Amino acid sequence: MTTDIPATAPTVLEVRNLAVEFALRGGTFTAARDVGFKLQAGRTLCLVGESGSGKSVTARAMMQLIDAPGRIAGGTIMLSGEGAPVDIATLNPRGDAIRAIRGRRIGMIFQEPMSSLSPVHTIGAQIVEVLRLHLKMDRQQARARTIELLRQVEIPDPERNIDRYTFEFSGGMRQRAMIAMALACNPQVLIADEPTTALDVTTQAEVLDLISRMQRELGMATLLITHDMGVVAEVADDVAVMYRGRIVEAGPVDEVFHGARHPYTKRLLNSVLKLERTSELKQASTAADPILSVRDLGKLYQPRQGFLSRRPKTEVRAVDGVSFDLMAGESLGIVGESGSGKTTLGRLILRIVEPTEGTVTFRPATGAPIDVRALDKRGLRGFHQQVRLIFQDPFASLNPRMTVRQIIADPLVVNHIASGASLDARVSELLSMVGLDPAMMERYPHAFSGGQRQRIGIARALALNPRVLIADEATSALDVSIRSQMLDLLLELQQRLGLSFLFISHDIGVVRYFCDRVAVMRRGKIVELGPAETICTAPEHPYTKALISAVPHPDPRQKRMRTRTRLDA
Amino acid sequence: MLGFILKRVLYMIPTLFGMSLVSFFIIQLPPGDFLTSLISAIADSGQSLDSATVAALTAQYGLDQPFYVQYWNWISGILFRGDFGWSFDWGQPVSRLIWDRMGITLFVSVLSLILIWAVALPIGIYSAVKRYSIGDHIFTLLGFIGLAIPTFIMALVLMYVSYKFLGQNVGGLFSPEYQDAPWSLGKLWDLCLHLWIPIVVIATNSTAALIRVMRANLSDELNKPYVVTARAKGLKEFTLIMRYPVRIALNPFISTIGWVLPALISGVTITAIVLNLPMAGPLLLRALVSQDMYLAGAFILLMSVLTLVGMLISDILLAVLDPRIRLQ
């Protein structure tokens, strides 16, 4: 999005001393205070910060969209152009004046394109509505304009797709429709709240390209909210860093990335840059023997044939002929876009989902190799003690009605391994192993932050002394600074306990930091497998090249996405 | 869409078969049959039937046949000749007895359903949007009162009020002078005067329940991201609430037709007895008590059919309203 628009471009929106408060039962919570910035025509300001830093609330304040009990408690938001400047902060959130600005002078794009669009209205109907409302078009004009908009945002076959519903579109297509909707009335300001967070890297690159092209064509001022420093480096002209409700550092993108002054900005950049290379904690893996061998593993989903349905449905090969060896003490990364079959692969190995073809062989420390697919229920239980899973969502994967002690002790109790004092001792040991205070074991999960919860999940996975951990997007839900801490913890545990990891992730940076080798999956198949460094710097397969080049690079001086390789279909 | 409806109708056939079997089984469950209750009724009046007559009657009604033969005779009569059997108790064909009653029952039920929707929908929306406001609290209180009062008490109270203060003839559907008169404007007005009590009584309970359903559904939807998106477009608050969250919150509301309709038809028995309405409930009760098996069976079967029809209607409406259901 970086353009050649000079820093002297006219200011369209200027925020000064903005404060947003939430009246809660226990008093007032200030979500944002003393926030100030300006948006200039044709330029992009990125507002970055961790979850809870107040960036989304600030964005919503621009349109008086803060949900009760929140309210703008002070400051000004001056919108210029089109007659006399308006102070949005003083407008009634339910009034006509703010409604005339929403959607017409300021357009907004949200994070979740699935839930942010109505599932029961067609894409077209939702866009036509804005045109009819603000530009007073009649039905036919609005429809023609909508088709044109859809074509502009590169939705194929707009004449047909205008009458389709959101659930018939992919995530990227939905976000394109959302952009068309936000830009329908040629707004002066575009606010994009984490517009690409829910998307794959290649789709993210395309959507960011699109936003930047539309911005150039319409000369809009853009406010982009993100937590991803890579995206900031790729698209921002100016950056404002938000921390605990305040803007702690602001300036042109190059200045912030290369001359950060505030300690929080420095820390944030460090944790991002850390993930741009292999971890220093990482030691060359010396093991030679495979602990887990997967051969021609596949899962074929047969269509369920209703007795009256005429349409023949196609079979889906979620995982197709996957083979690899996981060495003892090694970390093998599995990367791919959503729908590539990487999560299913992890489940097939554990037989949470039953494979339809291929073999999985596990070699325990003592005794003969085990053919996992031939195991009966009891044998499978023994296998599950040695190969365990770490989940993605630290909120959904811990039972909120169980204490931390119960959660961690659960695998030990279920398998009749420990009870009483020895159980408590083991739970304390596990908690200190993952860097938590054993005194916390009586608390419930809600008392912990996302990072701490993920540590609890790891402690639970370690309870049975497993030899292999399958981590499915184990760090995706965490903020960047916590993400690298979590990876360091896993690395340390790996060396201490001699663990092997199968590390499933869509995040190339995380995989490069953590893994020895990487397998790239696409449409159920492994397209390339090799040492992590090679895959990330000199990939051979065209798909891997496209994937790697779409990853935003957190340095505004070396933008990667601009020169990215595109892969058609 | 047509395929969808056809499919649903075809799916109804095995369900109907199962229901007919179960309803025939149920009416055979109590010990004895119509003859035993007839014999005891005759014995009560001091007479007695000799065993030859009893045997002749048993053979005549087919009561000595095995279960499946009796079932086949019954169901084949209904399917092929529209013959629901003979009511022992009334000495008439069941079909002649049943259509009048069923017609009135359906009429009253549909009117009640319309009233329920007309009241519950706006109040439910209001309560969800203005949650914890004074108006919401008042409606919540009224709703719980509506849920808590037994229908027969409400029927008695309304009858008293209507008789004492409005000076109306109550009970039944018509005043005596119009009972057998041909249809006229006067008769229609008389019907309306009689009808409001049963409809209000029957509707109150379900209205209160549906207000709660609508309030809960809509409260969930109001905080969804697509509502914020609609607001960010600059839509008026009323328009956007009606167009987006209400539209989606209607789904469970419409599914309720499936259970409201049969509940109305069978649940109003007590009300119908108290108000002396010529509806299906009292007749079914009497048929069950006197073990008038073909009459009772026909009622149970027809109610099952109505339940299925209710489900079908709500499924079709859902498919019309929600593309996610229609297109899958």
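Before reading on, note that the structure itself is shown above.
Just so you know, these numbers come straight off a predicted model, no measurement behind them.

*Asks:* Would you mind going over the overall build of chain B with me for this structure?
*Replies:* Summing up its helical and strand segments, chain B has 16 helices and two strands in all. In terms of its C-alpha atoms, chain B occupies a principal-axis envelope of roughly 85 × 55 × 35 Å. Here chain B, with 328 residues, has 45% of them falling under the buried criterion. Within chain B, counting contacts between residues at least 6 apart in sequence, those at least 24 apart form 73% of the total. Put simply, chain B shows about 16500 Å² of open surface, and 70% of that area lies on carbon and sulfur atoms. Of the charged side chains in chain B, 20 are positive and 17 negative; the average position of the first set lies 20 Å away from that of the second.

*Asks:* Looking at this model, I keep getting lost on the overall build of chain A. Mind explaining?
*Replies:* Within chain A one finds 19 helices and 20 strands. Taking 25 Å as the expected radius of gyration for a compact globule of 569 residues, we find that chain A reaches 26 Å, a close match to that expectation. Projected onto its principal axes, the C-alpha positions of chain A cover 80 × 60 × 45 Å. Looking at chain A residue by residue over its 569 residues, the buried ones come to 55%. Here chain A displays about 24400 Å² of accessible surface, and carbon together with sulfur accounts for 49% of that area.

*Asks:* Can you help me understand the pattern of salt bridges in this one?
*Replies:* A side chain with one charge may pair with a side chain of the opposite charge, provided their charged atoms come close. Here the structure, examined in full by the defined rule, presents 35 salt bridges over all chains. In this structure, Glu237 of chain B and Arg231 of chain B form a salt bridge, with 2.9 Å as the shortest nitrogen-oxygen distance. By relative accessible area, which is 15% here, Glu237 of chain B ends up buried. Accessibility expressed as a relative area gives 16% for Arg231 of chain B, which makes it buried. Because the salt bridges share partners, they merge into one network encompassing Glu154, Arg176, Glu206, Arg213 and Glu217 of chain A.

*Asks:* Explain the packing of aromatic side chains to me, please; I cannot follow it from the model alone.
*Replies:* Think of a pair of aromatic rings as described by two things: how far the centres are apart, and how the planes are tilted against each other in angle. This structure, assessed with the given rule, holds 13 aromatic pairs over all chains. Arranged with centres 5.5 Å apart and planes meeting at 50°, the rings of Phe24 of chain B and Phe67 of chain B form a pair that is tilted. With Phe24 of chain B in helix H1 (residues 2–28) and Phe67 of chain B in helix H4 (residues 67–81), this pair connects stretches of sequence that are 43 residues apart. Seen in terms of ring centroids, Phe84 of chain B and Trp99 of chain B are 6.0 Å apart; in terms of plane orientation they differ by 85°. Their pairing is edge-to-face. Of this pair, Phe84 of chain B sits in the loop between H4 and strand S1 (86–87) while Trp99 of chain B sits in helix H5 (residues 94–129), and the two are 15 residues apart along the sequence. By the ring-pair criterion, three or more aromatic residues cluster together here, those being Phe24, Phe25, Phe67, Tyr71 and Trp74 of chain B. Over the ring of Tyr301 of chain A we find Lys299 of chain A, and its NZ or CZ is 5.1 Å from the ring centre.

*Asks:* Would you mind showing me how to read a nonpolar patch on the surface here?
*Replies:* Residues and elements named next belong to chain B. Residues Phe152, Ile153, Leu156, Val157, Tyr160, Val161, Phe165, Leu166 and Ile270 make up a contiguous nonpolar surface patch of roughly 850 Å² in combined accessible area. Here Phe152 is to be found in helix H7 (residues 151–164). Taking relative accessible area as the criterion, Phe152 reaches 37% and is therefore assigned partly exposed.

*Asks:* I'm lost on the interface of chain A and chain B in this one. Help?
*Replies:* A common way to state how big an interface is: give the accessible area lost once the parts meet. Contacts between chain A and chain B engage 29 residues on the former and 24 residues on the latter. Of the charged contacts, one joins Arg243 of chain B and Glu129 of chain A as a salt bridge, the two residues approaching to 2.3 Å between their closest N and O atoms. Counting across the interface, chain A meets chain B through nine residue pairs in polar contact (both at pLDDT 80 or more). Going through the elements one at a time, helix H3 (123–135) and helix H6 (171–182) of chain A are the ones with two or more residues in the side of chain A that touches chain B. The dominant element in the side of chain A that touches chain B, judged by the number of residues it contributes, is H3 of chain A, at five residues.

Here is what the cut-offs are and how they apply
- Residues numbered from 1 in each chain as written.
- Chains lettered and ligands numbered in written order.
- Predicted model: local features only at pLDDT ≥ 70, side-chain atom pairs only at ≥ 80, totals over all residues.
- Heavy atoms only, no water.
- Helix = DSSP H or I, 4+ residues; strand = E, 2+ residues; numbered from the N terminus.
- Buried < 20%, exposed > 50% of the residue type's maximum accessible area, 1.4 Å probe, protein only.
- Contact = heavy atoms within 4.5 Å.
- Areas by Shrake-Rupley, 256 points an atom, 1.4 Å probe, with all protein chains shown as cover.
- Lys, Arg positive; Asp, Glu negative; His and termini not counted.
- Charge placed at Lys NZ, Arg CZ, Asp CG, Glu CD.
- Rg over C-alpha atoms; globule rule 2.2 N^0.38 Å.
- Salt bridge = Lys/Arg side-chain N within 4 Å of Asp/Glu carboxyl O.
- Phe/Tyr/Trp six-rings, centres within 6.5 Å; stacked < 30°, edge-to-face > 60°.
- Lys NZ or Arg CZ within 6 Å of the ring centre and 35° of its normal.
- Patch = residues over 30% accessible without salt bridge, like charges linked within 9 Å, V, L, I, M, F, W, Y side chains within 5 Å.
- Polar contact = N/O pair within 3.5 Å; in protein donor to acceptor, adjacent residues only side chain to side chain.

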